[in-house]
Amino acid sequence: MSKIKIFNDPVYGFITIPRDIIFQLIDHPYFQRLRYIKQLGLTSLVYPGALHTRFHHALGALHLMHLAIDNLRSKGVEITDDEYVGACIAILLHDIGHGPFSHALEKNLVKEIGHEEISLLFMHRLNEEFGGRLSLAIEIFKNSYHKKFLHQLVSSQIDADRLDYLRRDSFYTGVSEGSIGSDRIIMMMDVRNMELVIEDKGIYSIEKFLMARSFMYWQVYLHKTVISAEQLIVKILERAQFLALNGEKLFVTPAFEYFLSQKINKTLFSANPKVLDTFARLDDIDILASIKTWVSHSDFILSALCKKMINRDLFRTELYKNPPSLERIASLTKKASVKYGVSMKEASYFVFSDMVENSLYTTDDHVNIKILLKDNSVKDFAEVSDQFDITSFNKSITKYFLCYPKDLENN
């Protein structure tokens, strides 16, 4: 590069962009789009400071990858310059496939394909544009490269992605319980048998990391009001797509109209280059502009849902250990039908139940956290942590929820 490129990040301070190709990728329209996609979707309706974007997160993860590789090299781990650049590109682009509001609309705008697969499609497209210079990054991202620890730095239970988003999300939400010592964890990293390990001096930092992740899930990511906001926007999208597929003309941007007017699935994404091109023009602004306009739409259901979103009149959300009773759902649905003058089927836009599920730690030999002991042996974190009950973290936690308008409570 003709001169060093830096970004001033509120979490880490100055972030240096290490290679010209990485800066070129940051400058690419595909990556610049991430400026307009919030990292935490609609969480800012609960935590007002949570306005950071996928752009912020990708740069933060890139910074941590740089630190991790510098640390591993200082311990004698052989990492060539090509491998360094490949790992940096892989982490930089790991979230480039996210759609509007991140996870909130991931299973609604498109079907049968997750953001990781879309990220890979973007990487292949960029690889063509950059003359094959992303080939190694793609291998690392897909975990097909022989140095497995490079992929683990991109995607594992203690990767640069998680280390950044926990620290960054904690910072922007103000939830101090989610703060982690990412620098110490990185300093404790090493490699044995081509796999990432953590020196035993870092066990307590790993325990704190897992606890922080637990706090963030229940206080932020799965906060019941966040669930309510995300479910409201899902219902808005469902209604808008129903109307669009039935010939109703809606105010939408061209990119948004493309996904509303037809059902896009994994097959179309892979077979038709136009789908990826159109997805690359879609961000939070497309959705918000439409919702603001739909407030005055003639369709009562779409208008009512959009008014609730714009005015932050969110659904009442009740959490349960077991599915809510069918009788309660039926009673609330009938109240909604009468109050809003809609059919029982249409009342399901206002009263519905579903579930959220999460596992905070996976005891799988291929993805678990490995600890390097003083005798140079390697053991699973669950075996060596004597102050941490891993059994409560490796089982899947399921919570059921019931959403309905607050004004139904008094009817």
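Position numbers for residues count from 1 along each chain, tracking the sequence in the order it is written. pLDDT decides what is reported in this predicted model: residues at 70 or higher carry local features, side-chain atom pairs at 80 or more are listed and counted, and totals for whole chains, interfaces and linings draw on all residues regardless. The basis for every side-chain value is the complete set of non-hydrogen atoms in the structure, without hydrogens or water.

Time to look at the sheet that holds strand E8 (residues 352-358). For two strands to count as paired, DSSP must find a minimum of two bridges between them. Going along the chain from the N terminus, every DSSP run of H or I of four or more residues is numbered as a helix, and every run of E of two or more is numbered as a strand. Taking strand neighbours across the sheet as the criterion, the 3 strands line up as E7-E11-E8 in an open arrangement whose pairing is antiparallel. Of all the strands in the sheet, just strand E7 (316-320) and E8 have a single pairing partner and so form its edges. Sheet twist, expressed as the mean angle between neighbouring strand axes with direction ignored, is 25 degrees. When E8 meets strand E11 (residues 397-404), the two strands line up antiparallel, connected through 7 bridges. Its bridge partner being in E11, Asn 358 is matched across the sheet by Ile 397. Residues are treated as being in contact if the distance between any of their heavy atoms lies within 4.5 Å. Angles run from 0 to 180 degrees between N-to-C directions of axes, and those axes are lines fitted to C-alpha atoms, restricted for helices to the stretch in contact. Packing of helix H11 (residues 224-245) onto the sheet brings it into contact with E7, E8 and E11, and relative to E7 it is tilted by some 120 degrees.

Expected span, for any helix, means 1.5 Å times one less than how many residues it has. Spanning 14 residues, helix H8 (residues 160-173) covers 20 Å between terminal C-alpha atoms, matching the ideal 20 Å at 1.5 Å per step. With 12 of its 14 residues buried, H8 lies for the most part within the structure. As used in this structure description, the phrase polar contact means that two N or O atoms lie within 3.5 Å; if the pair is within protein, one of them must be able to donate a hydrogen and the other to accept it, and residues adjacent in sequence are counted only when both atoms belong to side chains. Where H8 begins, the capping side chain belongs to Asp 159, and its oxygen is found 3.2 Å from the backbone nitrogen of Asp 161. Using a 1.4 Å probe on the protein chains alone, a residue whose accessible area is under 20% of its type maximum counts as buried, one over 50% counts as exposed, and one in between counts as partly exposed.

A separate point is the sheet that holds strand E10 (residues 378-380). Spatially, E4-E5-E9-E10 is the arrangement adopted by the 4 strands of the open sheet, whose pairing is mixed. The open sheet terminates on both sides in strands that have one partner only, identified here as strand E4 (189-192) and E10. The mean inter-strand angle of the sheet, taken between neighbouring strand axes irrespective of direction, is 45 degrees. Where strand E5 (residues 195-199) meets strand E9 (residues 370-372), 2 bridges bridge the pair, whose relative direction is parallel.

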